[in-house]
Amino acid sequence: MKAFNGNRLKLARQYRGLTVEELSQKIEVSKQTISQYETGKIENVPFDRIAALSATLGFPYQYFIQDSDLSVKTGTTYFRSLMKTNKKYRAAQIVKMKHLAQIYSFLNEYVTFPELNLPAWIGSITSPKEAADALREYWGLGDKPISDIMRVAEENGIIVTTFPTDTDDIDAFSQYIEMPEGDVYLIALSKNKDSAVRINFDIAHELGHILLHEWSEDEEALSREEFKAKEKEANEFAAAFLMPESSFTKDVSLDPQNLNYYVQLKKKWKVSIGAMLYRSCDLKVISQNQYQYLIRIMQNKGWRKSEPLDNVLLSPVPTMFADAVDVLLTNNVFTPKELVTELSEMGLAMHANELEVLMNLNENTLVYQNSEPTKIVMLKKSSNN
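These numbers come from a predicted model, not from an experiment. Within each chain, residues carry numbers counting from 1 in the order of the written sequence. This being a predicted model, a pLDDT of at least 70 is required before a residue's local features are given, and a value of 80 or more before pairs of side-chain atoms are given or counted; all residues contribute to the totals for chains, interfaces and linings. Processing note: side-chain calculations cover all non-hydrogen atoms of the structure and skip hydrogens and water entirely.

Enquirer: A description of the pattern of salt bridges should follow, citing residues and the corresponding values.
Expert: Should their charged atoms come close, side chains of opposite charge can pair. Think of a salt bridge as a Lys or Arg side-chain nitrogen and an Asp or Glu carboxyl oxygen that are within 4 Å of each other. Per the stated rule, a full pass over the model turns up 14 salt bridges. Linking E155 and R151 is a salt bridge whose minimum nitrogen-to-oxygen distance equals 3.5 Å. One end of the pair, E155, and the other, R151, are both in helix α7 (residues 149-155), four residues apart, so they sit about a helical turn from each other. Buried residues are those whose accessible area, probed at 1.4 Å on protein chains only, stays under 20% of the maximum for their type, while exposed residues exceed 50% and partly exposed ones sit between those limits. Look at R151 and you get partly exposed, because its relative accessible area is 37%. The partner of E307 in a salt bridge is K266, with the nearest N and O atoms 2.8 Å apart. A helix here means a DSSP run of H or I that spans at least four residues, while a strand means a run of E at least two residues long, and both kinds are numbered starting from the N terminus.

This is the structure we're talking about:
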């Protein structure tokens, strides 16, 4: 029997957003015991204890005895709500993305993902507006509205995924991952936020981090002022990228103080009314006083919490992993069962439904199609045949 892997226990615990104390309470052992399991000070973990950990954490028994430690090398992880988000929730998402990176590496052996397509000047242009204009030019987007920014990002080799979370404090985050087949950037979006325009701005915001900021620094070591400065730059990038100065100014200048007009512009630009008002003020199309007045009207209308069209505009959905899995299944490279088994054999033993969540697959995509037992009786042939 293979030895218990304490680091796998730590990964599973973090994956579920639990502290050592919380896990110890769930399986009714001491904190010290859990810590000793994780650090390897207790190597001979009883079978029934591993089974309890497996059931509590929702990972197969095999996960805890696999050799791989998922030693994916990552750079800085930029969380939009770093200052108010509990560290255990941030750790949970980082660990989930490490698992996703392992899946990406496996799938990359069988399918061709879009190559990462970022300009050579990445990190050298410090002006958010200049970076936004340059990226639009590099990606051939012109100055028109971007109808599906998620698709644009994926087509240029950036992994986009969504994640469930127990807190509303995490909107989105981005992460740099070193892979044997080439470095990748990952943008993760909270499933708790389902507004299409909010998602669009989140993606653009994370693109700002990718284009503007250093990926080898410790974000935890940033001061509040440094963190806010980086967030401000990412927001400025997002506004300039989604609403280019010349074309957006031309549109909004037709009726810049009419909120109903902004509702119509929202259909075209796929950006929130609040963001368009802020951009209009920044571009001097409206004054600061006019901006504040319009924001107050929005507040009175209840639009600050829920804007018109929020439940009408379709939210984009990541497709990169779903497309990859579909290609493998439809071309009979793997059955669903074989795909789950292959991932397990390369060191990622996980339940099918968990893999579906990680890869944004439709429910039951990886449920074993041959799970129904084969019948052991058959109809007799007719004696007339």
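Enquirer: With reference to specific residues and values, describe the nonpolar core.
Expert: If you look at the biggest cluster of nonpolar residues, it comprises 62 residues, and the most contacted ones within it are L207, I210, F237, F241, Y262, I273 and L277. Here this core takes ten residues from helix α8 (residues 196-212), the largest share from any one element. By definition, residues are in contact when any of their heavy atoms lie within 4.5 Å. Other than its neighbours up to four places away in sequence, I210 contacts L118, I122, I158, Y185, I187 and W215. Membership of the second largest hydrophobic core comes to 58 residues, among which are L18, I34, I65 and L329. Remark: nonpolar core denotes a set of buried residues (Ala, Val, Leu, Ile, Met, Phe, Trp, Tyr, Cys) joined through side-chain atoms within 4.5 Å.

Enquirer: How would you summarise the pairing of strand β3 (residues 172-178) if you had to cite specific residues and measurements?
Expert: Across the seven residues of β3, six count as buried, placing the element largely inside the fold. Strand direction decides the pairing type here: β3 and strand β4 (residues 184-190), joined by six bridges, are antiparallel. Along β4, the bridge assignment pairs F173 with A188. Strands are treated as partners if at least two bridges between them are detected by DSSP.

Enquirer: Break down helix α10 (residues 245-252) for me, with residues and values.
Expert: Those residues of α10 that sit buried are S247, F248, D251 and V252. For α10, the buried positions fall inside an angular range of 120° around the axis, keeping them on one side. Of the residues in α10, the exposed ones pointing more than 90 degrees away from the buried face are S246 and K250. Those residues of α10 that are buried are in contact with α11 (259-269) and α12 (273-282). Throughout, the arc means the angular range of directions from the helix axis out to the C-beta atoms.

Enquirer: Would you mind going over the packing of aromatic side chains in detail, with residue names and values included?
Expert: Within 6.5 Å between ring centres, the rings of Phe, Tyr and Trp (the latter by its six-membered ring) count as paired, and their orientation is classed by plane angle as stacked under 30 degrees, edge-to-face over 60, tilted in between. Going through the model one piece at a time under the given rule, you end up with 18 aromatic pairs. Ring centres 6.3 Å apart and planes at 5° place the aromatic pair F4 and F64 in the stacked group. Of this pair, F4 sits in the segment before α1 (6-15) while F64 sits in the loop between α4 (47-57) and β1 (73-79), placing them 60 residues apart in sequence. As far as burial versus exposure is concerned, F4 and F64 are alike and both buried. Summarising the aromatic geometry, the rings of Y104 and F113 are spaced 4.6 Å apart at their centres and angled 20° between planes, so their arrangement reads as stacked. Among the aromatic residues, ring-to-ring pairing joins F4, Y15, Y37, F59, Y63 and F64 into one connected group. Only lysine NZ and arginine CZ atoms are considered, and such an atom sits over a ring when it is within 6 Å of the ring centre and within 35 degrees of the ring normal. For the cation-ring pair, K96 lies above Y15, with the distance from its terminal atom to the ring centre recorded as 5.4 Å. Seen from the ring of F241, R136 lies directly overhead, with NZ or CZ sitting 5.6 Å from the centre.

Enquirer: So, the pairing of strand β2 (residues 159-163): which residues are in play, and what are the values?
Expert: Within β2, five of the five residues are buried, which leaves it mostly tucked inside the rest of the structure. Covered by surrounding structure in β2 are I159, T161 and F163 together with V160 and T162, the residues of both alternating faces. Pairing between β2 and β4: five bridges, direction parallel. Opposite F163, over in β4, you have S190 as the bridge partner.

Enquirer: Describe the packing of α11 against α12, and please don't skip the residues or the numbers.
Expert: As a packed pair, α11 and α12 sit with axes 9 Å apart at the nearest point and diverge in direction by 110°. If you check the angle between α11 and α12, you find them roughly perpendicular. When α11 is examined against α12, the residues L259, Y262, V263, L265 and K266 are found in contact with a partner set consisting of I273, M276, L277 and S280. Each residue is assigned to one class: nonpolar for Ala, Val, Leu, Ile, Met, Phe, Trp, Tyr, Cys and Pro, charged for Asp, Glu, Lys and Arg, and polar for all the others, Gly among them. By residue class, the composition of the contact of α11 with α12 is seven nonpolar, one polar and one charged. The axes used here are C-alpha line fits, helices contributing only the stretch in contact, and every angle between their N-to-C directions lies in the interval 0 to 180 degrees. Roughly parallel covers angles under 35 degrees, roughly antiparallel covers those over 145, roughly perpendicular covers 65 to 115, and oblique covers all other angles.

Enquirer: An account of unusual backbone geometry is requested, with residue identities and associated values reported.
Expert: Not every positive phi belongs to a glycine, and K270 is a case in point at roughly 55°. With respect to the secondary-structure elements, K270 resides in the loop between α11 and α12. Residue class for K270 comes out partly exposed when judged on its relative accessible area of 24%. Phi is positive for K284, close to 70°, though the residue is something other than glycine. Within the secondary structure, K284 is located in the loop between α12 and α13 (288-301). When its relative accessible area of 70% is taken as the criterion, K284 is described as exposed.

Enquirer: So what about the environment of S174? Which residues, and what values?
Expert: Relative to the helices and strands, S174 resides in strand β3. Polar contacts here mean pairs of N or O atoms no more than 3.5 Å apart (in protein, one a potential hydrogen donor and the other a potential acceptor; neighbouring residues in sequence count only if both atoms are side-chain atoms). A distance of 2.7 Å separates the side chain of S174 from the side chain of E206, its partner in a polar contact.

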